[in-house]
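Each chain is listed here by its residues.
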Amino acid sequence: MKIFLAGATGFIGQALVRHLHNEGHAVTVLVRNPHRAQGLPQGVTTVEGDPTRPGSWQQRAGEAEVLINLTGASILTRWSEAAKKLIMDSRLLSTRNMVAAINQAAEPPQTLISASAAGYYGFTEGETAKTEQDPPGDDFLAQVCVAWETEAQAAAAKGARVVLVRLPVVLGPGGGALSKMLPAFRLGLGGRLGDGRQGFPWAHIADLMAIFSFLLAHPEISGPVNCGAPQVISNAQFSKALGRALHRPAILPAPAWLLRLVMGEASAMLLKGTRFTPALLTSRGFQFRYPDIDQALADIVNQ
């Protein structure tokens, strides 16, 4: 397939470009800075442009069969009003411009796969895990996800299949959230966040790559898709599993008051959390290679 991808230089994006290229797809990536594309596989085409602004890149995007948008500013920062605006605008504007590329094309792309997040469901309490049928939450991240998905759904008016991949914490070697946790845990200084009872939605990056392939191979699937592993765990359970994988104690919690002091409003996403389950993928027969957190972390740490 001819695939156009925005957000290719992030942790997930880099892995996805390599994965799609290895599967034989013709991959074109949108990059703001050509120097950041130097590590991409040979044979991947690059187009320079800013996904948050209209430009000539939209014509190239319109020539693809599948558009994938992973663009979005990091949420792991203190949420000032300027930071909130950047978090929202980076997602909405890039998605809006992707949809415009579809609308402008003489033969529009058949599929738009647009990133979203587990945060769509808001902060969930108790043990119940959310499925794709559950309504959104009402906190800031949920509002971002709702607006983000609404922008993507506009592509359906042009006949495109729209898939909304609701992403969890993606675990893998060489980057992502785990790379920020490993130094402390390797020293035996890791532990749960707050009381640790909050949900911790997660997926091994290899499984996420397989999910993208599965979605490309199943054109009948559209709408929201929860992309987390079927094992629903808490932050405390994750912390203990990471300690086991590293053969280190994980008994030093990060106090809730300290996280609130450092992160402000953004501490809520660390202290409250979300629980969700891949109901749609499971019903369609998708098989996770790493459905268990101990198995997943052992594989990643060994790499």
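Note: the structure precedes this text.
Residues numbered from 1 in each chain as written. Predicted model: local features only at pLDDT ≥ 70, side-chain atom pairs only at ≥ 80, totals over all residues. Heavy atoms only, no water.

Caption draft 1: How the structure looks around the packing of helix α1 (residues 11-22) against helix α6 (residues 205-217). Between α1 and α6, the least distance of the axes is 10 Å, while the angle of their chain directions is 55 degrees. In this view, α1 runs oblique relative to α6, as classed from their interaxial angle. Crossing angle aside, the handedness with which α1 passes α6 is right-handed. Contact with α1, carried on its side by F11, I12, A15, L16, H19 and L20, involves I205, L208, M209, A210, F212, S213 and L216 of α6 and no other residues of that element. (Axes fitted to C-alpha atoms, helices over the stretch in contact; angles between N-to-C directions. Helix = DSSP H or I, 4+ residues; strand = E, 2+ residues; numbered from the N terminus. Parallel < 35°, antiparallel > 145°, perpendicular 65-115°, else oblique. Left-handed = near helix turned anticlockwise from the far one by under 90°. Contact = heavy atoms within 4.5 Å.)

Caption draft 2: A look at the pattern of salt bridges. Inspection of the entire model under this criterion finds ten salt bridges. R60 is the partner of E63 in a salt bridge, and the nearest nitrogen-oxygen pair spans 3.8 Å. Residue D195 pairs with R197 through a salt bridge whose shortest N-O separation is 3.0 Å. Exposure remark for R197: the relative accessible area of 63% places this residue in the exposed category. Shared partners join several salt bridges into a network, and the residues in it are R32, D50 and R53. (Salt bridge = Lys/Arg side-chain N within 4 Å of Asp/Glu carboxyl O. Buried < 20%, exposed > 50% of the residue type's maximum accessible area, 1.4 Å probe, protein only.)

Caption draft 3: Fine view of the environment of Q198. Checked against the element boundaries, Q198 lands in the loop between α5 (176-186) and β8 (202-204). Take Q198: its relative accessible area is 5%, and that puts it in the buried class. Separated by 76 residues in sequence, Q198 and T274 place their C-alpha atoms 6.9 Å apart. For Q198, the side chain forms a polar contact with the main-chain oxygen of L193, separated by 2.9 Å. (Polar contact = N/O pair within 3.5 Å; in protein donor to acceptor, adjacent residues only side chain to side chain.)

Caption draft 4: Expanded view of the state of the cysteines. Tallied over the entire structure, the rule returns zero disulfides. Take C145: it sits in no disulfide, and the sulfur closest to it among the cysteines is that of C227, at 12 Å. (Disulfide = S-S within 2.5 Å.)

Caption draft 5: Seen up close, unusual backbone geometry. One non-glycine residue with positive phi stands out, namely H247, at about 60 degrees. Within the fold, H247 resides in the loop between α7 (235-246) and α8 (256-263).

Caption draft 6: Inspection of a nonpolar patch on the surface at higher detail. A cluster of nonpolar residues, L187, L189, I251 and L252, forms a patch on the protein surface that exposes about 440 Å² of accessible area. Note that L187 resides in the loop between α5 and β8. On the basis of relative accessible area, L187 is assigned to the exposed category, the value being 64%. (Patch = residues over 30% accessible without salt bridge, like charges linked within 9 Å, V, L, I, M, F, W, Y side chains within 5 Å. Areas by Shrake-Rupley, 256 points an atom, 1.4 Å probe, with all protein chains shown as cover.)

Caption draft 7: Looking closely at α1. Over its twelve residues, α1 runs 17 Å from end to end, which matches the ideal 16 Å to within 8%, given 1.5 Å per residue. Buried residues in α1 make contact with β1 (2-6), β2 (26-31), β4 (66-69), β6 (161-167), β7 (169-171) and α6. Looking one or two places after α1, you find G24, whose phi comes out positive at around 95 degrees. (Expected span 1.5 Å × (residues − 1).)

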